[in-house]
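Descriptive structure summary
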Amino acid sequence: MTYQNLTLNELLFTGTDAPSVSWTLQPGLNVLYGASNAGKSFAVKTIDFLLGSSRLLPDISERRAFDRAWLAINGAVSGDVTLMRALAGGALELHGGNIDLIKQRKSNGRHLSARHDHASPDNVSQFLLNEIGLGSKFIAIDVNGKKRSLSFRDLARFCITDETAIQAETSPAESGQYATSTAERSVFKLLTTGADDSAIVPVLDRKTFRTSTAAKLEVVDEMLNAVNEELAADYSQAEELPAQYERIERTWAAAQEQLQFSQQSIRSHLARKREIAQSISRFEQRREQIAINLGRFEQLEEVYRSDIERLEAIEEAGFLLTLGEGKECPLCGASVDAQKHVHSLHDIQNATDAAKIEIEKIDRQRVDLAETVANLDAEGIRTQAKLAELDSELQAAEMQLNQLAPKANQAEQQLAELMSVRDKVRHGLALLEQRKNLSLRRDELAALKPTPKVERPRLGVPTSTSHDFAQVVSHVLEAWQFPGNRHVSFDDVTHDLRIDGKNRRDNGKGVRAITHAAFKVALLLFCQERDLPHPGFVILDTPLLTYRDPIHSDAGELSQDEQELANTSLKDFFYEHLAEAGPSKQFIVVENVDVPASIASSANVERFTGDSAAGRAGLF
């Protein structure tokens with residue numbers, strides 16, 4: 001990966017009724033020195049506060065006119081951005097651009113929570129980690145490999161050192177708290193190797209294993225007792241349940257077969273009943289049609305009879321008319337000469353012949369009609385007989401259905417009773433199976449052994465890496481002209497340095513402070529040289545404690561090793577080395593002692609005089 005870092009550009013304080021105050025920073029070396037109680041350490045704490053620290057700022061009187069703090073930074077991903085946070089604490093705002101641009105825009109920034117959450121980008125820790133390429137890393141927090149996500153607060157220890165921590169006897173990589181030492185060492189390994197602990201598979205420690213196993217055994221025992229109590233209460237002869245279940249299954253199969261047979265018979269007779277009913281309906285309709293047709297044919301017969309009588313009258317009248325031809329009129333006695341005929345006898349004969357022909361035609365039709373009526377009468381008799389037959393079949397089908405229904409109901413009732421018994425037996429068998437499984441589980445738990453120590457993950461910095469790091473520390477001490485041979489080694493037990501065979505913590509406060517500073521500076525150089533992730537800046541509060549005034553300083557008189565160091569020119573070489581490190585690194589040194597005059601041209605130097613009449617008195 002390409003080395004990614006952060007650069008701090010400006011710290012600003014603003015208030016409603018007070019003019020803003022700032023401390024401008026730059027790449028390379030920055031020095032803030034001067035009088036005590038002028039706000040130097042408060043500035044360091046504010047930077048840490050704006051980078052997500054949960055520790056509230058000291059309630060000094062000078063800050064009460066201000067309500068916000070701003071930190072302009074430059075990130076490898078986002079470029080120039082500014083973090084804002086109320087001095088009272090809480091969440092932060094992220095603004096794009098430097099502070100001057102923000103003043104011009106006067107717009108609201110993006111909300112960032114102060115609480116770390118690796119699953120969300122909306123917190124200051126994850127934002128800063130993403131800027132330096134460590135946004136998805138995990139670290140081990142105990143010797144058994146339990147893990148959590150990396151927070152920027154884990155890295156803050158390696159880039160921000162206050163005046164208390166720099167004098168401490170603990171390793172510069174640790175806080176001195178036993179509970180957090182594994183996590184702190186994991187972070188140091190991540191910085192010096194670039195490898196996190198996400199691949200580690202955690203194992204249970206002996207105490208947790210015993211507690212966990214005992215708790216599991218207790219739960220299993222409780223479940224076993226509950227199963228045994230239920231078996232004793234509801235199944236006095238639980239050992240006979242398998243055989244009982246087999247018998248019930250056979251009985252169940254027979255009853256189910258009987259029910260299916262009864263239901264199939266009922267369905268068959270119902271289908272037959274429907275067919276008979278449909279046939280009865282068809283024959284009744286036909287019977288009605290025959291009756292209607294017979295009625296109509298009877299009326300037709302009357303018409304035929306009436307027509308024949310009329311035609312016979314015509315025929316008889318014609319005959320009578322022919323008999324009276326050439327005779328006196330039988331009605332009036334008129335002579336033949338006195339009679340006048342409209343129609344001749346020939347016409348009368350024609351009418352008579354036509355009537356005869358029509359009568360013969362109607363007689364033939366009457367014969368056909370009689371034959372049709374006879375056929376309908378016969379069909380009617382057959383239809384009536386078929387209806388009687390179908391009615392008998394319908395009654396027989398209903399009788400059979402009435403006989404089958406009780407059997408089907410009885411089979412259903414038997415199945416319902418068997419189902420209740422079968423379900424109870426099944427539940428008993430399930431309890432027996434559960435008891436068997438729980439007993440096996442209990443035996444497995446009782447046979448478990450804790451994970452041996454040899455299977456624990458190997459944590460900490462590899463020996464070769466710690467050796468290389470120690471050599472970088474040695475080169476830093478050599479550049480600072482630290483007294484002695486400057487032979488440095490890394491102690492894997494204390495996770496600290498041994499310098500010329502002496503544990504770093506066994507020195508006086510001033511020597512511990514400068515060697516602590518060497519550790520932090522060397523770590524930044526080590527990471528940058530090897531293209532490893534690092535925040536990119538180091539803030540050191542009072543690293544040159546050795547050069548204090550032994551009378552007026554709170555740190556007291558100098559020890560022998562401090563006095564030896566104070567007699568050297570290490571202070572000058574210290575500043576020269578940091579100033580020459582280059583703009584790709586940022587060092588911020590906060591000191592009480594004066595700075596060599598030669599540094600002013602190669603570093604960003606700010607002095608707090610403590611006197612408003614002579615330069616800048618303090619932070620506020």
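Residues numbered from 1 in each chain as written. Predicted model: local features only at pLDDT ≥ 70, side-chain atom pairs only at ≥ 80, totals over all residues. Heavy atoms only, no water.

**Concerning the overall build of the protein chain**
Counting its regular elements, the protein chain contains 12 helices and 16 strands. The C-alpha radius of gyration of the protein chain comes to 59 Å, more than 25% above the 25 Å expected for a compact globule of 620 residues. Taken along its principal axes, the extent of the C-alpha atoms in the protein chain is 195 × 85 × 45 Å. Looking at the protein chain as a whole, 40% of its 620 residues are labelled buried. Considering only intrachain contacts with a sequence separation of at least 6, the fraction spanning at least 24 residues in the protein chain is 69%. Taking the average location of the 70 positive side-chain charges in the protein chain and that of its 90 negative ones, the two points are 7 Å from each other. (Helix = DSSP H or I, 4+ residues; strand = E, 2+ residues; numbered from the N terminus. Rg over C-alpha atoms; globule rule 2.2 N^0.38 Å. Buried < 20%, exposed > 50% of the residue type's maximum accessible area, 1.4 Å probe, protein only. Contact = heavy atoms within 4.5 Å. Lys, Arg positive; Asp, Glu negative; His and termini not counted. Charge placed at Lys NZ, Arg CZ, Asp CG, Glu CD.)

**Focus: the side chain of Thr465**
Considering the arrangement of structural elements, one finds Thr465 in helix H9 (residues 463–479). A relative accessible area of 13% places Thr465 in the buried class.

**With respect to the packing of H9 against helix H10 (residues 509–529)**
Viewed as axis vectors pointing N to C, H9 and H10 meet at an angle of 115°, and their least axial separation amounts to 9 Å. Crossing geometry of H9 relative to H10 is assigned as right-handed. Contact with H9, carried on its side by Thr465, Asp468, Phe469, Val472, Val473, Val476 and Leu477, involves Ala518, Phe519, Ala522, Leu523, Leu525 and Phe526 of H10 and no other residues of that element. (Axes fitted to C-alpha atoms, helices over the stretch in contact; angles between N-to-C directions. Left-handed = near helix turned anticlockwise from the far one by under 90°.)

**Thoughts on the side chain of Ser125**
Position of Ser125 relative to the elements: it lies in helix H3 (residues 124–131). Residue Ser125 is classed as buried on the basis of its relative accessible area of 4%. The residues touching Ser125, leaving out its near neighbours within four places in the chain, are His116, Ser151 and Phe152.

**Points about the packing of aromatic side chains**
Using the criterion set out here, one finds 13 aromatic pairs in the structure. Relative to Phe490, the ring of Phe188 lies with its centre 5.7 Å away and its plane at 15°, an arrangement referred to as stacked. Here Phe188 is found in helix H5 (residues 181–193), whereas its partner Phe490 is found in strand S11 (residues 488–491), with 302 residues between them in sequence. The pair formed by Phe188 and Phe490 is uniform in burial state, with each residue classed as buried. In this structure an aromatic cluster arises from ring pairing among Phe158, Phe188, Phe469, Phe490, Phe519 and Phe526. (Phe/Tyr/Trp six-rings, centres within 6.5 Å; stacked < 30°, edge-to-face > 60°.)

**A look at the state of the cysteines**
Throughout the structure, instances matching the rule amount to zero disulfides. The thiol of Cys159 is not disulfide-bonded; the next cysteine sulfur, from Cys527, is found 11 Å away. (Disulfide = S-S within 2.5 Å.)

**So, the pairing of S11**
As defined by bridge partners, S11 adjoins strand S12 (residues 496–499) across four bridges and the pair is classed as antiparallel. Bridge pairing in S12 places Ser489 opposite Arg498. If you look at the hairpin formed by S11 and S12, you'll find four residues sitting between the two strands, and His495 has a positive phi there, around 60°. (Pairing = 2+ DSSP bridges.)

**What about a negative patch on the surface?**
Among the surface-exposed residues, Glu309, Glu312, Glu316, Glu360 and Asp363 lie close enough to one another that they form a single negatively charged patch. Among the elements that make up the negative patch, the one with the highest residue count is helix H7 (residues 241–323) (three residues). By the secondary structure assignment, Glu312 is in helix H7. On the basis of relative accessible area, Glu312 is assigned to the partly exposed category, the value being 42%. (Patch = residues over 30% accessible without salt bridge, like charges linked within 9 Å, V, L, I, M, F, W, Y side chains within 5 Å. Areas by Shrake-Rupley, 256 points an atom, 1.4 Å probe, with all protein chains shown as cover. Salt bridge = Lys/Arg side-chain N within 4 Å of Asp/Glu carboxyl O.)

**Describing unusual backbone geometry**
Despite not being glycine, Asn37 has its phi angle at roughly 55°, a positive value. When you line up the elements, Asn37 lands in the loop between strand S3 (28–34) and helix H1 (40–50). With a phi close to 65°, Thr542 is a non-glycine residue in the positive phi region. Looking at the element boundaries, Thr542 is found in the loop between strand S14 (537–541) and helix H11 (560–566).

**Quick look at the pattern of salt bridges**
It is possible for side chains bearing opposite charge to pair when their charged atoms get close. All chains considered together, the criterion is met by 24 salt bridges. For Glu301, the salt bridge identified is with Arg305, shortest N-O distance 3.7 Å. Of this pair, Glu301 and Arg305 both sit in helix H7, four residues apart, which is roughly one turn of the helix. What you see here is one network of salt bridges that share partners, running through Glu301, Glu302, Arg305 and Arg366.

**Some remarks on helix H6 (residues 206–234)**
For H6, built from 29 residues, the straight-helix expectation of 42 Å at 1.5 Å per residue is met to within 8% by its first-to-last C-alpha distance of 42 Å. Phe209, Thr213, Leu217, Val220, Leu224, Val227 and Leu231 are the residues of H6 that are buried. (Expected span 1.5 Å × (residues − 1).)

**Let's talk about the sheet that holds strand S4 (residues 68–75)**
The strand order across the open sheet built from six strands is S2-S1-S4-S5-S6-S7, with neighbouring strands paired in antiparallel fashion. Edge positions in the open sheet fall to strand S2 (21–24) and strand S7 (110–112), since each of these has one partner strand only. On average, each strand axis in the sheet is inclined to that of its neighbour by 25°, with strand direction left out of account. Across the sheet, H1 is in contact with strand S1 (6–14), S2, S4, strand S5 (79–86) and strand S6 (92–96); its angle to S1 comes to roughly 110°. Set on the sheet, H3 makes contact with S1, S4, S5, S6 and S7; between it and S4 the angle comes to about 25°.

**Things to note about the environment of Lys520**
Checked against the element boundaries, Lys520 lands in helix H10. Spatially, the C-alpha atoms of Lys520 and Phe537 are 9.8 Å apart, while their sequence positions differ by 17 residues. Other than its neighbours up to four places away in sequence, Lys520 contacts Arg157, Phe158, Thr161, Pro172, Val538 and Leu540.

**Thoughts on the sheet that holds strand S10 (residues 160–161)**
Spatial strand order, S10-S14-S15-S3-S16: five strands in an open sheet with parallel pairing. Edge positions in the sheet fall to S10 and strand S16 (604–608), since each has one partner strand and no second. Both S3 and S16 contribute to a ladder of five bridges, which runs parallel. By the bridge assignment, Val31 is partnered in S16 with Val605. With respect to the sheet, H1 is in contact with S3, S10, S14, strand S15 (586–591) and S16, its orientation differing from that of S14 by roughly 145°. In this fold H10 packs onto S10, S14 and S15, with an angle of close to 175° to the strand it touches most, S14.

**So, the confidence of the model for the protein chain**
Taken residue by residue, the protein chain gives an average pLDDT of 88. The fraction at 70 or more is 93%. For the protein chain, helix H2 (residues 99–105) is the element with the lowest average pLDDT, namely 73, and S14 is the one with the highest, namely 97. (pLDDT = per-residue confidence, 0-100.)

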